[in-house]
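Listed here are the chains, written in short residue letters.
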Amino acid sequence: MIMFKKTKGFTLIELLIVVTILAILILGAIAAILNSRKSATDASVKSELDRLKIAFEDYYGDHNCYPPTEWFDSVDDCGSNSLAPYLSKVPCNPRTELPYALETDATGCVWYKLYGYLSSPDSNQIEPVTIQSSTYNYTIGSANSPASTPASSSAPASSYNPQPNHYYYYCSGINNCTSNPDPINQLCAPYFLDDANCGGTANDKCHSVGTCHPI
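A quick note: this is a predicted structure, and the numbers were derived from the prediction, not measured.

Calculation criteria
- Residues numbered from 1 in each chain as written.
- Predicted model: local features only at pLDDT ≥ 70, side-chain atom pairs only at ≥ 80, totals over all residues.
- Heavy atoms only, no water.
- Pairing = 2+ DSSP bridges.
- Helix = DSSP H or I, 4+ residues; strand = E, 2+ residues; numbered from the N terminus.
- Axes fitted to C-alpha atoms, helices over the stretch in contact; angles between N-to-C directions.
- Contact = heavy atoms within 4.5 Å.
- 1 Å grid on protein atoms, 1.4 Å probe; cavity = no way out; pocket = protein on both sides within 12 Å on 5 of 7 lines; lining within 4 Å.
- Points joined across faces, edges and corners; volume = space filled by probe spheres on them.
- Nonpolar A, V, L, I, M, F, W, Y, C, P; charged D, E, K, R; others polar.
- Domains from an automatic or database assignment.
- Buried < 20%, exposed > 50% of the residue type's maximum accessible area, 1.4 Å probe, protein only.
- Disulfide = S-S within 2.5 Å.
- Phe/Tyr/Trp six-rings, centres within 6.5 Å; stacked < 30°, edge-to-face > 60°.

A. Main features of the sheet that holds strand S5 (residues 138-141). With antiparallel pairing, the three strands of this open sheet are ordered in space as S1-S2-S5. In this open sheet, the two strands that pair with only one neighbour each are strand S1 (101-104) and S5. The sheet shows a mean angle of 25 degrees between the axes of neighbouring strands, taken without regard to direction. Each of S1, strand S2 (112-116) and S5 is contacted by helix H1 (residues 12-63), which is oriented at about 160 degrees to S2, the strand it contacts most.

Structure representation (C-alpha cells):
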C-alpha cells in the first residue's frame, strides 16, 4: 500500500498574520498614491499661478492696469481665452473647478493677488482666507500687494501679546473691519493693531475674511 505523507497547512494564526501584513502593505500603497496625487496637484497649482502672474505682468505692461476680476468670477471663465495672447486659456482651479480667486485694489491698476489651495504643508502657505465661499491658503501677486499672514499665525504666536488700551482689528466680513472683542482669550488673524481699516481705506478694505480661535 502506498502511504501519502500529510503536508502541514497554514494555521489560522498564520493566515491572519499574512492577511494583516497584506492589509498594511495595501494601505501604505494607497496612502503613498494619495500623497503623490496631492503633491502633483499642489505642483500644478503653483505652476499655474506662476504662469498667471507672468500673464498679469505682461498685461499690465500693455494696459497699465491688471486684468479685471470679472474674468475670474464664474465657471464660464474657467478655460476661457480672455487673457489671450498673454495666456491661451484661463487655468481652472482643480479644487473648485473655477478660475483661481483674484483680489485687486479698488481701481484694479495698483496691485493684485491670486489665490489657490495647497493640500500639503508648504513654507509659503498663508493663514486660510475665504473668498466667494471657497477657502484658500496660498497666494501670489504683484510686488506691492498687501502682505498676507503666514500660516504659522493660525496658532497663538509667541509674538502675539495683546496689550491693554490697544485695539486688535480683523476682517470679520467683506469690507467689514471689526475690533476683536476679547483679544486676551482669542486670536483673530490676520489682525491689525489700532487700524480700524484693516490695512485698507475707509472705502476699500477687507477683500477676504479672517478667522478667530481661542488662545
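B. Molecular detail of unusual backbone geometry. Residue Ala84 is joined to Pro85 through a cis peptide bond whose omega torsion reads 5 degrees. Tracing the sequence through the fold places Pro85 in the loop between H1 and S1. With a phi close to 60 degrees, Asn175 is a non-glycine residue in the positive phi region. Within the secondary structure layout, Asn175 lies in the loop between strand S6 (168-173) and strand S7 (176-179).

C. View of the sheet that holds strand S9 (residues 191-193). One open sheet holds the three strands; their spatial order is S7-S6-S9, and the pairing between them is antiparallel. Each end of this open sheet is capped by a strand with a single partner; those strands are S7 and S9. With direction set aside, neighbouring strand axes in the sheet form an average angle of 40 degrees.

D. Structural context of the layout of surface pockets. Of the pockets and cavities examined, the largest pocket occupies roughly 430 Å³. Taken together, 25 residues form the lining of the largest pocket, with Glu103, Pro146, Phe192, Cys198 and Ser208 sitting closest to its centre. Residues belonging to the lining of the largest pocket are distributed by class as follows: 12 nonpolar, eight polar and five charged. For the lining of the largest pocket, the domains that each give at least three residues are domain 1 (27-141) and domain 2 (152-214). Approximately 270 Å³ is the volume attributed to the second largest pocket. Taken together, Thr69, Phe72, Asp73, Leu102, Glu103, Thr104, Asp105, Ala106, Ile131, Gln132, Ile174 and His207 make up the lining of the second largest pocket. The element best represented in the lining of the second largest pocket is S1, accounting for three residues. Split into classes, the residues belonging to the lining of the second largest pocket amount to five nonpolar, four polar and three charged.

E. Broad picture of the side chain of Thr104. For Thr104, the position within the fold is in strand S1. By relative accessible area, Thr104 is classed as buried at 10%. When sequence neighbours within four positions are dropped, the list of residues in contact with Thr104 reads Thr69, Trp111, Tyr112 and His207.

F. Up close: the state of the cysteines. Counted by the stated rule, this structure contains four disulfides. In this model, Cys188 is linked to Cys212 through a disulfide, with the two sulfur atoms separated by 2.0 Å. Residues Cys188 and Cys212 are joined through a disulfide that is right-handed, its torsion about the S-S bond being 110 degrees. A residue pair is termed long-range when its members are at least 10 positions apart, and Cys188 in strand S8 (residues 186-189) and Cys212 in strand S10 (residues 211-214) qualify at 24 residues. By relative accessible area, which is 2% here, Cys188 ends up buried. For the chain, numbering the cysteines in disulfides from first to last along the sequence yields the connectivity 1-2, 3-7, 4-6, 5-8.

G. Here's a closer look at the packing of aromatic side chains. Evaluated as defined, the whole model comprises nine aromatic pairs. Aromatic side chains Phe56 and Tyr112 sit 4.8 Å apart centroid to centroid with 40 degrees between the ring planes, which places their arrangement in the tilted category. Within this pair, whereas Phe56 is found in helix H1, its partner Tyr112 is found in strand S2, the two being separated by 56 residues in sequence. You can call Tyr112 buried: its relative accessible area is 0%. Judged by centre distance (6.2 Å) and plane angle (50 degrees), the rings of Tyr115 and Tyr136 are tilted. Placement of the pair is Tyr115 in strand S2 and Tyr136 in strand S4 (residues 134-136), with a sequence separation of 21 residues. Ring pairing ties together the aromatic residues Phe56, Tyr60, Tyr66, Phe72 and Tyr112, which thus form one cluster.

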